[in-house]
Amino acid sequence: MKKIKNLKEFSTSADRFEGANLLCPGCAHSIIVREVLNATNDDLILAASTGCLEVCTAVYPYTSWDASWIHIGFENGSTAVAGAEAMYKALKTKGRLKQPDRVPKFVAFGGDGATYDIGFQWISGCFERGHNMMYVCLDNEVYANTGGQRSSSTPIGSSATTSPAGRTSYGEKMNKKDMVAIMAAHGAPYVAQVAPNKWKDMVAKIQKGFAAEGPVYINAMSACTTEWKFSPEDTIAVSDLATDSLVFPLYEIVNGTELNITYRPKNIIPVRDYLGAQGRFKHLFTKQYEYLIDEWQTRVDAKWVQLQRREEARV
Amino acid sequence: MAESMELRDIEVWDGNFAAAQALRQAQVDVVAAYPITPSTAIVEGYANFKANGYVDGEFVMVESEHAAMSGCIGAAAAGGRVATATSSQGYALMVETLYSASGMRLPIVLNVVNRALGAPLNVNCDHSDMYLGRDSGWIQLNAYNPQHAYDLNFIAFKVSEDHDVRLPAMVHQDGFLSSHTAQGVHTLSDEVAYNFVGEYQPMNDMLDLDHPVTHGVQTEEDWHYEHKARQHHALMSKVLPKIQEAFDAFETLSGRRYNIVETHQMDDADIAVVCMGTSVETAMEVVNELRATGIKAGVVGIRVIRPWPLEQIADALKNVKAIGALDRSSPNGAMGMLYNEVAGTLFNAGVQTILTDYVYGLGGRDLTKAHLVQIFNDLKANMDAGKPTTPLQQFIGLRGPKLSFF
Ligand SMILES: Cc1ncc(C[n+]2csc(CCOP(=O)(O)OP(=O)(O)O)c2C)c(N)n1
Ligand code: SF4
């Protein structure tokens, strides 16, 4: 397993995802992808679903990928990689691999729309069939590539273009779908939620994921400067607010049951601070909708209690 | 190593099993599949071969047809021989990915057992599914019976995987009429069949770890046009000669002759029908009977649907005075696809003739010899009058009041 000493070395240790791409300045997608790829020295076979990452990194005649990469459609990055993994197995059985002593890792990336919504069936199928692959969701809680429509990951009270806040609406009405729990329920050997600001935690989880046999799901919080509406230089600061307010708790679930919380903030900050840092929640700070901020806090507290109980009870 | 299977020279197989045997003998590396009537037995057959050690590729039973083709695309991009099968609604669910496979120039063989599209739901044969994907950039071959379904799979692999071509290929056969009808099928031995198809030669394969490749890029207005034009160019200029080569090589191997356009009694035909699938052989029988009464009738069977063999079709029909194009798909607001394509082909070749469109056999309705006799009678009346005397478009074998249009 690749040893990583410090952030400086980590950030320059491999260049299989080039800095040259069309993602917005400050986009967390690029930070996460780099962290995932830099966590390993293994050969990689990658796929991406349609979304910001895909449209910004493989614009002919250029590519930002120095590892084999494929994109088919919005929903099927998971199955593209599963097909490649099946071919790897077949050629291994038949003795036709070009580099038989090298064992590549298979990774698919998708946005939350590609993952929580349209691609859900494909991912579920891949996990049920037990392909040896990692699926990384770049969870920016919105369809960013098409201009900010709601997804089933968009949190309640967020203003998205298809669930806009207005005089008679506070924006998104539904709670964010718990994709991590759903993927763990597939009995996957390893499922984790990560955030790019906690890079050591992230590397440890990615390495654990690569070491696991079978399908691995990583839900990566991906702060989106454009749709969350914060300054590009604040990506990591906003990410810190997310993990320290426990809006995005960091934990892992091993074999579908064993839950471990991997980050406990020394000072838990109020959810209000996280919401207040982003334009998408601006309307919540008006008299009409302010009650939602308290509801938010109650929900985040309850989830934290639940996670701790599950950790303790080992269920 | 997969075990070899001893076959008799002639086996009694239906079209589905014949196709499954061809996938086994081609020793496909990955089959990703989802069942749908009437093509299910192809992948069941393959799964059985795998369960009994006759194939050592991977069989991935995915959760939908869209995933089946997605998996096939990933597998083909990884670098190996790939195949699957589908019909109807499953084909419709695949359509998005069919364009991806051809756009990425990936060799994949898809057996399409033709079936109607709902609603109303119907499991029987017509060519609605085939028509739905006709612009998807795949090579499309048409089998009229189980023997063809077997043989054309080998041709499909050979042409599709050719490095000058690199385009996916479909083998169509008629649901139930071919897929579930057992006939004597002349076989090839495992060794002869595999050698004909040849060992898979990877190209731009993702599993060549020293040479990473990017598949499925974005192009927009600055390159998309060029890519699509080149794809079309490959289809139009490279595929037919390769198919011809493969047909010739296959004849040397097996003694069985296939042609890009199949003709029956066309040398001196005055009237003719153009059709696909099982109706070609029915039409041939009717033509033989008409010939005995002195009527100079003929049949043109489309063997290669895509790329459309313009020249060969024009050549076969150039002296015919009245033609019926037989469309086995609801035209839904237009003339049938076969009518339109034949009309365009003849117009372009400067052939002045009388062309009518016969819609038939939707949802499994039989096309009987009596129907064909009626069609030829129409054509003869048109020829004798030297002008159309019958409606431009008719529905054949329809209950209730006669429907005709235009
Ligand atoms: C079948 C299909 N439906 C819709 C689209 C349009 N589309 C492309 S990307 C996208 C949203 C992507 O959102 P997400 O998956 O969250 O990724 P992000 O761009 O936010 O990273 C949509 C709706 C499509 N490409 N294909
Ligand atoms: S819109 Fe958001 S997710 Fe998309 S590139 Fe910009 S910052 Fe990244």
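Residues numbered from 1 in each chain as written. Chains lettered and ligands numbered in written order. Predicted model: local features only at pLDDT ≥ 70, side-chain atom pairs only at ≥ 80, totals over all residues. Heavy atoms only, no water.

1. Some words on the overall build of chain A
Along the backbone of chain A there are 12 helices and 10 strands. In summary, chain A has a C-alpha radius of gyration of 19 Å against a globular reference of 20 Å for 315 residues, a match within 12%. Across its three principal axes, chain A shows a C-alpha extent of roughly 70 × 50 × 40 Å. Counting the 315 residues in chain A, one finds 58% classified as buried. (Helix = DSSP H or I, 4+ residues; strand = E, 2+ residues; numbered from the N terminus. Rg over C-alpha atoms; globule rule 2.2 N^0.38 Å. Buried < 20%, exposed > 50% of the residue type's maximum accessible area, 1.4 Å probe, protein only.)

2. Some points on the sheet that holds strand β17 (residues 404–405) of chain B
All names here are of chain B. Reading across from one edge, β10-β12-β11-β14-β15-β16-β17 is the order of the 7 strands in this open sheet, with mixed pairing throughout. Of all strands in the sheet, those with a lone pairing partner are β10 (261–264) and β17, marking the two edges. Of the strand pairs in this sheet, strand β15 (residues 354–359) and strand β16 (residues 393–395) are connected by 3 bridges, and their pairing is parallel. Pairing of Asp357 across the sheet is with Gln393, part of β16. The strands that helix α11 (residues 337–348) touches are β11 (271–275), β12 (297–302), β14 (322–327) and β15; relative to β14, the one it contacts most, it runs at about 145°. Lying over the sheet, helix α12 (residues 369–385) contacts β11, β12, β14, β15 and β16, oriented at roughly 130° with respect to β11. (Pairing = 2+ DSSP bridges. Contact = heavy atoms within 4.5 Å. Axes fitted to C-alpha atoms, helices over the stretch in contact; angles between N-to-C directions.)

3. Things to note about the interface of chain B and chain A
By convention, interface size is frequently given as the accessible area that disappears when the constituent parts associate. Across the boundary between the two partners, chain B contributes 49 residues, which contact 43 residues of chain A. When chain B packs against chain A, the two sides together hide about 3,600 Å² of surface, and 58% of this comes from carbon and sulfur. The largest contributions to the chain B side of the interface with chain A come from B:Leu207, B:Leu209 and B:Gln218, which together make up 19% of the buried area. Counting across the interface, chain B meets chain A through 7 salt bridges. Ionic pairing is found between A:Lys94 and B:Asp29, a salt bridge with its closest N-O pair at 2.9 Å. Between chain B and chain A we count 23 residue pairs in polar contact (both at pLDDT 80 or more) in total. Broken down by secondary-structure element, the contributors of at least two residues to the side of chain B that touches chain A are β3 (58–61), α3 (65–78), α4 (88–103), β9 (214–215) and α8 (220–254) of chain B. (Buried area = accessible area lost by both parts, 1.4 Å probe. Salt bridge = Lys/Arg side-chain N within 4 Å of Asp/Glu carboxyl O. Polar contact = N/O pair within 3.5 Å; in protein donor to acceptor, adjacent residues only side chain to side chain.)

4. Brief notes about the site of ligand 1
Around ligand 1 there are 18 residues in total, and A:His29, A:Cys52, A:Gly113, A:Ala114 and A:Ala144 lie nearest to it. Ligand 1 sits at the junction of chains A and B, each of which supplies nearby residues. At 3.3 Å, a side-chain N or O of A:Asp112 approaches an oxygen atom of ligand 1. For ligand 1, an oxygen atom lies 2.8 Å from a polar atom in the backbone of A:Ala114. Expressed as a share of its isolated accessible area of 590 Å², the protein-covered part of ligand 1 is 76%. (Near = heavy atom within 4 Å. Areas by Shrake-Rupley, 256 points an atom, 1.4 Å probe, with all protein chains shown as cover.)

5. Here we look at the pairing of β3(B)
Alternating positions in β3(B) separate cleanly, B:Glu58 and B:Val60 being buried on one face and B:Phe59 and B:Met61 remaining unburied on the opposite face. Regarding topology, helix α2 (residues 40–51) of chain B serves as the crossover connection from strand β2 (residues 30–33) of chain B to the parallel β3(B), and that connection is right-handed. (Right-handed = clockwise from strand over helix to strand, strands pointing away.)

6. Some words on the packing of α3(B) against α4(B)
All names here are of chain B. Interaxial distance between α3 and α4 falls to 7 Å at its minimum, and their mutual angle equals 25°. Classed by the angle they form, the pair α3 and α4 counts as roughly parallel. Of the two elements, α3 crosses α4, and the hand of that crossing is right-handed. Side by side, α3 and α4 meet where Glu65, His66, Ala68, Met69, Ser70 and Ile73 of the first sit next to Gly90, Leu93, Met94, Glu96, Thr97, Leu98, Ser100 and Ala101 of the second. For the contact of α3 with α4, the per-class residue count stands at 7 nonpolar, 5 polar and 2 charged. (Parallel < 35°, antiparallel > 145°, perpendicular 65-115°, else oblique. Left-handed = near helix turned anticlockwise from the far one by under 90°. Nonpolar A, V, L, I, M, F, W, Y, C, P; charged D, E, K, R; others polar.)

7. Observations concerning the sheet that holds strand β2 (residues 68–70) of chain A
Taken in spatial order, the 9 strands make up an open sheet running β10(A)-β9(A)-β7(A)-β8(A)-β4(A)-β3(A)-β1(A)-β2(A)-β9(B), and their pairing is mixed. The sheet is open, and its two borders are formed by β10 (258–261) of chain A together with β9 of chain B, each paired with just one other strand. Inspection of the sheet shows β2(A) paired to β9(B) by 2 bridges, in the parallel sense. Bridging from a neighbouring strand, A:Ile70 pairs with B:His215 of β9(B). Packed onto the sheet, helix α8 (residues 199–211) of chain A meets β1 (44–48), β3 (105–111), β4 (134–139), β7 (190–194), β8 (216–221) and β9 (251–254) of chain A and runs at close to 160° relative to β7(A).

8. A look at a negative patch on the surface
Taken together, the side chains of B:Glu220, B:Glu221, B:Asp222 and B:Glu226 present a region of like negative charge at the surface. Following the sequence through the fold, B:Glu220 ends up in helix α8. (Patch = residues over 30% accessible without salt bridge, like charges linked within 9 Å, V, L, I, M, F, W, Y side chains within 5 Å. Lys, Arg positive; Asp, Glu negative; His and termini not counted. Charge placed at Lys NZ, Arg CZ, Asp CG, Glu CD.)

9. Brief notes about helix α6 (residues 146–161) of chain B
All names here are of chain B. Given a rise of 1.5 Å per residue, 16 residues ought to cover 22 Å, and the 23 Å separating the end C-alpha atoms of α6 matches this to within 8%. In terms of burial, α6 is a largely internal element, 15 of the 16 residues being buried. Sitting at the amino-terminal end of α6 is Asn145, which places a side-chain oxygen 3.1 Å from the backbone nitrogen of Gln147. (Expected span 1.5 Å × (residues − 1).)

10. Comments concerning the site of ligand 2
The immediate surroundings of ligand 2 are formed by A:Leu23, A:Cys24, A:Cys27, A:His29, A:Cys52, A:Asn140, A:Ala144, A:Cys224, A:Thr225 and A:Thr226. Considering only residue class, the shell around ligand 2 consists of 6 nonpolar, 4 polar and no charged.

11. Points about helix α7 (residues 190–197) of chain B
Residues and elements named next belong to chain B. For α7, the set of buried residues is Asp190, Ala193, Phe196 and Val197. Down the axis of α7, the smallest arc covering the buried residues is 135°, so these residues share one side. Exposed residues lying more than 90 degrees from the buried face of α7 are Glu191 and Asn195. Packing partners of the buried residues in α7 comprise α1 (15–25), α6 and α8. Immediately downstream of α7, the backbone of Gly198 shows phi near 85°, a positive value. (Arc of directions from axis to C-beta.)

12. A look at the pattern of salt bridges
Summed over all chains, the structure comprises 39 salt bridges over all chains. B:Arg291 is the partner of B:Asp268 in a salt bridge, and the nearest nitrogen-oxygen pair spans 2.9 Å. A residue pair is termed long-range when its members are at least 10 positions apart, and B:Asp268 in the loop between β10 and β11 and B:Arg291 in helix α9 (residues 279–292) qualify at 23 residues. Judged by its relative accessible area of 37%, B:Asp268 falls in the partly exposed class. We classify B:Arg291 as buried; its relative accessible area is 19%. In this structure, B:Glu289 engages B:Lys369 in a salt bridge whose closest nitrogen and oxygen atoms are separated by 2.8 Å. Here B:Lys369 lies in helix α12 and B:Glu289 lies in helix α9, a separation of 80 residues in the sequence. Residue B:Glu289 is classed as partly exposed on the basis of its relative accessible area, which comes to 40%. Here the residues in one salt-bridge network are A:Lys94, A:Arg96, B:Asp29 and B:Asp56, joined through shared partners.

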